[in-house]
Amino acid sequence: MKGFGEKNDIWQYLTTARKPVVLYGTGNGADKILDQLIVRNIPVFGIFASSTFVRDRAFRGFKVETYEALKTRFSDMIVLVCFGTSLPDVLSNIDRIRNECEVYAPDVPVYGKEIFNSAFYAAHKEELLTVRGFLQDDLSRKTFDLVTEYKLTGDYMLLRSCESALEEITSILFLPDPAHYIDLGAYNGDTVSLYTKLYPQISRILAVEPDKRNFRKLNETVQALFGKDQEGDPCGGNDKVSVSCIRSLISDHDGTAFVPRNRGRGVHETEEDGKGEELTAVSLVTLLRDLRADFIKMDVEGNELLALEGGENIILRDKPSLIVSCYHRSEDLFTLPLLLKKLVPEYRVYMRHHPHLLCWDTEYIFTL
């Protein structure tokens, strides 16, 4: 790891770096990274975007340029990637830039304010070590170690050596026959499609998605898979699979939640009541009052801990297998497994990271 000592993090390194720092990307991630640099008095010398996104525009007072233009001005610079991607052509371009410059992808949380820096690591070292001790196999421990090191250093190449395919889940997670599958944060139906192929014994599906546009796509996916539009139909599906789709936000309470407008995949509960779009919130206790859960996939945009806390009785009742995303908040790395192991000490715990720049698509698997 170029430039890092054992206890240093990417932010400490940048405060002493002598090369100009430039940002790649202009989205929400760039906002968060720029804010961190400003707090630390680390100057930024430019911002660039992929050639198709440059146009004639500015971001936070910087003219958005091409990489080539900045490389002409600064022959040796540090590039900070400010977005996540799994697109091969974008990854290839980042690798090309990495051959010419120092490139890092600083970890800033999707939600919450806690930055996973050396101070955060020191404050939570015991919790992190406890969670590492839960992990069942070598790949889980390797993934945990490399994800932690990446979060500290921003060296995204660390993640590549612990990537695993989504389909490999069948080697550690087994379901009864028949099985009930609960998809929380169902997005456009991609995981409904995936897991029903991997587990043909799934006979009942409950898919929950808060975003209006994604919910429409979810219903289209369900219709294509099972031959019937499921919106508002709790008893739909074909002869083998019954499916329900619900537009709601999973939380620790029932009632009303407020979510940012037009966020697409990033729909989450706001911290300010009355701000944003009003949406029904539901807890797992209410959602699954009359339905057994054998397998729950949870990717609920930073509400994972709230959802688990609101569903403790369901988890104790059914002891379902769970796949829980752990990349939205810095503290997810330890709060989620600590809670679930407290509830069900016999859970076996695994960790997997799927191909993606940044720690997105990183998850814990809990199974008996």
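Residues numbered from 1 in each chain as written. Predicted model: local features only at pLDDT ≥ 70, side-chain atom pairs only at ≥ 80, totals over all residues. Heavy atoms only, no water.

Participant: Give a description of the environment of Gly227 that names residues and reports values.
Facilitator: With respect to the element layout, Gly227 can be found in the loop between helix H10 (212–226) and strand E9 (236–237). Among the residues examined, Gly227 registers a relative accessible area of 65% and is labelled exposed. Along the backbone, Gly227 and Lys297 are 70 residues apart, and their C-alpha atoms lie at a distance of 23 Å. (Helix = DSSP H or I, 4+ residues; strand = E, 2+ residues; numbered from the N terminus. Buried < 20%, exposed > 50% of the residue type's maximum accessible area, 1.4 Å probe, protein only.)

Participant: Quick one: what's the story with a positive patch on the surface, residue by residue and with numbers?
Facilitator: A cluster of basic side chains, namely Lys212, Arg213, Arg216 and Lys217, defines a positive patch on the protein surface. You can call Arg213 partly exposed: its relative accessible area is 48%. (Patch = residues over 30% accessible without salt bridge, like charges linked within 9 Å, V, L, I, M, F, W, Y side chains within 5 Å. Areas by Shrake-Rupley, 256 points an atom, 1.4 Å probe, with all protein chains shown as cover. Salt bridge = Lys/Arg side-chain N within 4 Å of Asp/Glu carboxyl O. Lys, Arg positive; Asp, Glu negative; His and termini not counted. Charge placed at Lys NZ, Arg CZ, Asp CG, Glu CD.)

Participant: Tell me about H10, and name the residues and values.
Facilitator: The terminal C-alpha atoms of H10, which comprises 15 residues, lie 21 Å apart, in line with the 21 Å expected from a rise of 1.5 Å per residue. Taken together, the buried positions of H10 are Asn214, Phe215, Leu218, Asn219, Val222 and Phe226. The buried side chains of H10 occupy one side of the element, clustering within an arc of 145° when seen end-on. Where H10 begins, the capping side chain belongs to Asp211, and its oxygen is found 3.2 Å from the backbone nitrogen of Arg213. Where H10 terminates, the next one or two residues include Gly227, which has phi positive at roughly 80°. (Expected span 1.5 Å × (residues − 1). Arc of directions from axis to C-beta. Polar contact = N/O pair within 3.5 Å; in protein donor to acceptor, adjacent residues only side chain to side chain.)

Participant: Provide a residue-level description of the pattern of salt bridges, including the pertinent values.
Facilitator: Inspection of every chain in the model, using the stated rule, returns 15 salt bridges. A salt bridge links Asp35 to Arg60; the shortest N-O distance between them is 2.8 Å. In this pair, Asp35 sits in helix H2 (residues 28–39) while Arg60 sits in the loop between strand E3 (58–59) and strand E4 (62–65), placing the two residues 25 residues apart along the sequence. In this structure, Asp318 engages Arg317 in a salt bridge whose closest nitrogen and oxygen atoms are separated by 2.7 Å.

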